[in-house]
Amino acid sequence: MALADTTILEGLETPDRLRLLPESELQKVADAVRAEMIDAVSVTGGHLGSGLGVVELTVALHHVFDTPDDRIVWDVGHQCYPHKILTGRRDRIRTLRQGGGLSGFTKRSESAYDPFGAAHSSTSISAALGMAVARDLDDAETKARGEAPKKRRNMVAVIGDGSMSAGMAYEAMNNAGALHSRLIVILNDNDMSIAPPVGAMSAYLARLASGGTYRSLRETAKQLGKLLPKALYQRAAAAEEYARSLIVGGGTMFEEMGFHYVGPVDGHNLDHLLPVLKNVRDSDQGPILLHVVTQKGKGYAPAEASADRYHGVVKFDVVSGIQAKAKANAPAYTRVFGESLIKAADADPKVVAITAAMPGGTGIDLFGKAHPDKTFDVGIAEQHAVTFAGGLATEGYKPFVAIYSTFLQRAYDQVVHDVALQNLPVRFCLDRAGLVGADGATHAGAFDLAYLCCLPNMTVMAAADEAELVHMVATAHAHDSGPIALRYPRGEGVGVELPEKGEPLAIGRGRVVRRPEGARVALLSLGTRLSEALKAADALEAEGVATSVADARFAKPLDAELIVDLAMSHEVLVTVEEGSVGGFGAMVLHLLSERGVLDAGRVRVRTLTLPDLYQDHDKPEKMYAEAGLDAEGILKAVRAALPEKKGNRAGRLRLA
Ligand SMILES: Cc1ncc(C[n+]2csc(CCOP(=O)(O)OP(=O)(O)O)c2C)c(N)n1
Ligand SMILES: CC(=O)[C@@H](O)[C@H](O)COP(=O)(O)O
Ligand SMILES: [Mg+2]
């Protein structure tokens, strides 16, 4: 397919210039933005479908609203590439998600046009409401001082239908409806989450209240319907029946929550969008919800035709749309997890699997094909997912909550209060543990060791490779005495042979991988840093420093016998983990201090963790090197900890 000409974008570095264009030129701008985005993402990879669906909306928003003074808060932010192209970042758009390049999400430090950072969903209404209330307070202050009123400013949240399935969105709307603050929420309804949306009602019909005229619901639906593409018209017509029942019952759900509800509007038709947005902008009503119907992947045939609408893509050929899939040299951890869980469920009807709108990313899509009746996608609702699993566990089921480490953060009190405190046997399968690379700091699975190991009753495991993962799924399956978590990284495994059947591991027992005679150094690894620890041990051996290597397997309970023995029999003990401060290393230090091992001052302990900062996106291996968690970093720590030798500069051992 030929991409549109992008010449019109030259000179549109900021929306001020866009706002000078006649409306008749805006579709050309949209076509150019779409072309630019497709071309850019074809070389960077990233999120494509969502941004394609909001190209016209983005152009219209920056044309109608006086950004950045008017704030536009994008929910999740994965759809923000058109926004970035139009807000002074077109020149860097081909650095998206690369080290030193643009973030793949909105980021305050990147631009004044990004008023709020995002990536975890369903936060936009809360943030935009906070901004609206701040504006109202400022205006009240100005008035109280007798000063002339400041320029009228608008706060706009753009939230997808998938993100609208998270409780936080309702918490925000509930508050907004009570505050009556002038807030604009744009529901970008493309009838897709990452997978097709679940649970929430996916069709609404609203009273068209923009511009102050009100037509009968049936006329509005019919009139709007005719302006919508056939597929959308059928949905609008179908939704009309539903909405009429609500109207008869007193109005749409949003209106019940205090919102003025407008729509649905065709989100690709600028002739519709522009007048409605102007009306909404100039209305003194508050809050307003504008329901915009769009198509995820719009304008790029391979995306439109794809089941996931090219939600997330690697580099691809623009003409064919064929993605340059990275050659898998080993089964990806996610697939190994999914296949192992299927086997557990084959043998045990009590096994159930839960995902929060991430079936593909967690491997639950594989499980769902084999055990559809035991598969639950609860939508973007991690809090509900955890407590829902707790309920299942109370009735004797064995729930496996498959969730990215970073997204479990959203459900922390549910983990503590609803599961761990009640000692319910919920299995937490934490994919994307550790650094994830291109998604950056917002998606780093950095904190689960710290936030889970401090919980009484909790058992925490980390797989060193994909074979270990198979055994850990079996271990979690067999562990019915309380909650258990297993963590594993994003991406491919190391290519070890997979066991035919997973064997439950002894809880709280690690394993010695190598222990040469006269070893002076012990490297105690948790998770997939084991391969780096082995490389470091090889290098130390080559330098004449015999080095033991152990895989802790468990961050809680610790293998106290193994760890105390290592500490008592080596000069240096180094722990290494794919987690933040306060995790595995802290647990080891706590154990050693409790056992008095540190009192004699014999062993020197170093705990290698992720740095106490939010690392920007880059390739994972580069980020781990920056964190000192690769072989070189481990070597550096060992050399600095080995006892000084005569003639050596302080803290350094001249090896060989
Ligand atoms: C709390 C949280 N859970 C899960 C995700 C993963 N995620 C990213 S985008 C997405 C789907 C969002 O759907 P929608 O809001 O409809 O946006 P669309 O992609 O359709 O534009 C999900 C589940 C997330 N970003 N945040
Ligand atoms: C935007 C979002 O949160 C998801 O799309 C996430 O980027 C998926 O991550 P993976 O690519 O690791 O599945
Ligand atoms: Mg959607």
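See the structure printed just above.
Keep in mind the model is a prediction, meaning the values are calculated, not measured.

Participant: Could you give an account of the site of ligand 1, with specific residues and numbers?
Facilitator: Surrounding ligand 1, one finds 22 residues, the nearest of these being Ala119, Gly162, Ser163, Lys296 and Glu382. Here an oxygen atom of ligand 1 and a side-chain polar atom of aspartate 161 are 3.0 Å apart. One nitrogen or oxygen atom from the side chain of serine 163 is found 2.6 Å from an oxygen atom belonging to ligand 1. Here ligand 1, which alone exposes 580 Å², has 97% of that area covered by the protein.

Participant: I'd like to hear about the environment of alanine 546, residue by residue, with values.
Facilitator: Note that alanine 546 resides in the loop between helix 21 (530-542) and strand 16 (547-551). Look at alanine 546 and you get buried, because its relative accessible area is 13%. Separated by 14 residues in the primary sequence, alanine 546 and alanine 560 place their C-alpha atoms 23 Å from one another. Not counting residues up to four positions away in its chain, the partners in contact with alanine 546 are Pro516, Glu517, Gly518, Ala519, Arg520, Val521 and Glu541.

Participant: Mind laying out the site of ligand 2, listing which residues take part and the relevant values?
Facilitator: Taken together, His47, Phe105, Ile194, His311, Tyr404, Phe407, Arg432, Asp439, His443 and Arg490 make up the full set of residues near ligand 2. Contacts to ligand 2 include histidine 47, whose side-chain N or O atom sits 2.9 Å from an oxygen atom. In this structure, an oxygen atom belonging to ligand 2 sits 2.7 Å away from a side-chain N or O atom of histidine 443. Calculation on ligand 2 without its partners gives an accessible area of 360 Å², and the protein chains cover 86% of this total.

Participant: So, the nonpolar core: which residues are in play, and what are the values?
Facilitator: The biggest cluster of nonpolar side chains holds 54 residues, and the ones touching the most others in it are Leu408, Phe428, Leu452, Leu524, Leu573 and Leu592. Every residue in contact with leucine 524, bar those within four places of it in the chain, is listed here: Ala550, Ala552, Ile563, Leu566, Leu573, Val574, Thr575, Val576, Phe584 and Val588. Val55, Ile72, Val276 and Phe316 belong to the second largest nonpolar core, which has 52 residues in total.

Participant: Go over helix 7 (residues 167-179), please, and point to the residues and values.
Facilitator: When the terminal C-alpha atoms of helix 7 are compared, their 19 Å separation across 13 residues agrees well with the 18 Å that a helix rising 1.5 Å per residue should span. Within two residues after helix 7, histidine 180 carries a phi angle of roughly 55°, on the positive side.

Participant: Just give me the short version of unusual backbone geometry, but keep the residues and values in it.
Facilitator: Each neighbour pair has its own omega, and for glycine 286 with proline 287 the value is -10°, a cis peptide bond. Within the secondary structure, proline 287 sits in the loop between helix 11 (270-282) and strand 6 (288-293). Here the bond from lysine 556 into proline 557 is cis, since omega is -10°, no more than 30 degrees from zero. One non-glycine residue, serine 122, adopts positive backbone phi at about 75°. Residue serine 122 is classed as buried on the basis of its relative accessible area, which comes to 0%. Look at tyrosine 310: it is not a glycine, yet its phi comes out positive at around 55°. Its location among the elements puts tyrosine 310 in the loop between helix 12 (301-305) and strand 7 (312-313).

The rules behind these values
- Residues numbered from 1 in each chain as written.
- Chains lettered and ligands numbered in written order.
- Predicted model: local features only at pLDDT ≥ 70, side-chain atom pairs only at ≥ 80, totals over all residues.
- Heavy atoms only, no water.
- Near = heavy atom within 4 Å.
- Polar contact = N/O pair within 3.5 Å; in protein donor to acceptor, adjacent residues only side chain to side chain.
- Areas by Shrake-Rupley, 256 points an atom, 1.4 Å probe, with all protein chains shown as cover.
- Helix = DSSP H or I, 4+ residues; strand = E, 2+ residues; numbered from the N terminus.
- Buried < 20%, exposed > 50% of the residue type's maximum accessible area, 1.4 Å probe, protein only.
- Contact = heavy atoms within 4.5 Å.
- Core = buried A, V, L, I, M, F, W, Y, C linked by side-chain atoms within 4.5 Å.
- Expected span 1.5 Å × (residues − 1).

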